[in-house]
Amino acid sequence: GAVVSQHPSWVICKSGTSVKIECRSLDFQATTMFWYRQFPKQSLMLMATSNEGSKATYEQGVEKDKFLINHASLTLSTLTVTSAHPEDSSFYICSASFGGGETQYFGPGTRLLVL
Amino acid sequence: QKEVEQDPGPLSVPEGAIVSLNCTYSNSAFQYFMWYRQYSRKGPELLMYTYSSGNKEDGRFTAQVDKSSKYISLFIRDSQPSDSATYLCAMSSSASKIIFGSGTRLSIRP
């Protein structure tokens, strides 16, 4: 149980384009979804927290206009990297929690390469 | 001082050895403690979840929490090459987001 999927698993795009990443909880309803980015050999950096139907809460230093998060249902959240630049190249991972939210279940991640 | 400290390694041990991974933390409000395993280019996978102090065992894995010392451990018995991964400790209180350690890279030599 507690399976989270992400799509796509990897994407290459040109600088200036926008990229949308989907995160789905497959067998449970996620009250909260989280978006992280991870650079090579580094730990997870929380970007934002979103609850279904409300605006996402962004961590300090994360531009909300650049990283658009939509959490339209209890099983789907999307992250759109707008006007992507090479420095946005990273591994983006979503996670989801339910109930009290004391633990999170992670998706497999999306590798983004901006040329 | 970081809220959660974890030795990044790398840690290399021979197959069959007992592995000990540790984290220390500073926030005494933390009540929920987790260990995640992350293979290269994959998302983290929840291994162990413990509430408050004590031990929890699952197969070859044992998680220990010592709240008085603010110290948590993960033990892996009879380690296998397939255990080679990065192990992340994580913890939270009922009111806070989860805080992750930086991860320890573990390599099991055949």
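Residues numbered from 1 in each chain as written. Chains lettered and ligands numbered in written order. Predicted model: local features only at pLDDT ≥ 70, side-chain atom pairs only at ≥ 80, totals over all residues. Heavy atoms only, no water.

**Student:** Honestly, the interface of chain A and chain B in this entry has me stumped. Any pointers?
**Tutor:** Accessible area lost during the coming together of the parts is what is often quoted as the interface size. At the interface, 17 residues of chain A touch 18 residues of chain B. Both faces combined, the contact of chain A with chain B buries some 1400 Å², and carbon together with sulfur accounts for 57% of it. At the junction of chain A and chain B, the tally comes to one salt bridge. Salt-bridge contacts for glutamate 59 of chain A lead to lysine 97 of chain B; the nearest nitrogen and oxygen are separated by 2.4 Å. Between chain A and chain B we count five residue pairs in polar contact (both at pLDDT 80 or more) in total. Breaking the side of chain A that touches chain B down by element, the ones donating at least two residues are strand 4 (32-38), strand 9 (90-97) and strand 10 (105-106) of chain A. (Contact = heavy atoms within 4.5 Å. Buried area = accessible area lost by both parts, 1.4 Å probe. Salt bridge = Lys/Arg side-chain N within 4 Å of Asp/Glu carboxyl O. Polar contact = N/O pair within 3.5 Å; in protein donor to acceptor, adjacent residues only side chain to side chain. Helix = DSSP H or I, 4+ residues; strand = E, 2+ residues; numbered from the N terminus.)

**Student:** Just checking my understanding: could you explain the pairing of strand 11 (residues 104-109) of chain B for this structure?
**Tutor:** For a regular strand, side chains alternate in direction, first toward one face of the sheet and then toward the other. Residue and element names in this part refer to chain B. Burial along strand 11 is one-sided: the face carrying Thr104, Leu106 and Ile108 is buried and the face carrying Arg105, Ser107 and Arg109 is not. Note: strand 2 (residues 11-14) against strand 11, four bridges, orientation parallel. Across the sheet, valine 13 pairs through a bridge with isoleucine 108, a residue of strand 11. Note that strand 9 (residues 85-92) and strand 11 share three bridges and pair antiparallel. Following the sheet pairing, alanine 85 is matched in strand 11 by leucine 106. (Buried < 20%, exposed > 50% of the residue type's maximum accessible area, 1.4 Å probe, protein only. Pairing = 2+ DSSP bridges.)

**Student:** I keep staring at the state of the cysteines and nothing clicks. Help me out?
**Tutor:** Each disulfide consists of one covalent bond between the sulfur atoms belonging to two cysteines. Within this structure, the stated rule accounts for two disulfides over all chains. Each sulfur in the disulfide pair cysteine 23 of chain B and cysteine 89 of chain B lies 2.0 Å from the other. Handedness of the cysteine 23 of chain B-cysteine 89 of chain B disulfide follows from its S-S torsion of about -100°: it is left-handed. With cysteine 23 of chain B in strand 3 (residues 19-25) and cysteine 89 of chain B in strand 9, this pair connects stretches of sequence that are 66 residues apart. Judged on exposure class, the residue cysteine 23 of chain B and its partner cysteine 89 of chain B are both buried. The closest cysteine sulfur to the non-disulfide-bonded cysteine 13 of chain A is located on cysteine 94 of chain A, 18 Å from its own sulfur. (Disulfide = S-S within 2.5 Å.)

**Student:** How do you make sense of the sheet that holds strand 8 (residues 71-76) of chain B when you look at a structure like this?
**Tutor:** The strands that make up a sheet pair up through hydrogen bonds in the backbone, lying either parallel or antiparallel. Residue and element names in this part refer to chain B. What the five strands build is an open sheet, ordered 1-3-8-7-6; its pairing is antiparallel. Either end of the sheet is taken by a strand with one partner, and the two such strands are strand 1 (4-6) and strand 6 (54-58). In this sheet, adjacent strand axes meet at a mean angle of 15° when their direction is disregarded. (Axes fitted to C-alpha atoms, helices over the stretch in contact; angles between N-to-C directions.)

Any functional reading would require information that these geometric values do not contain.
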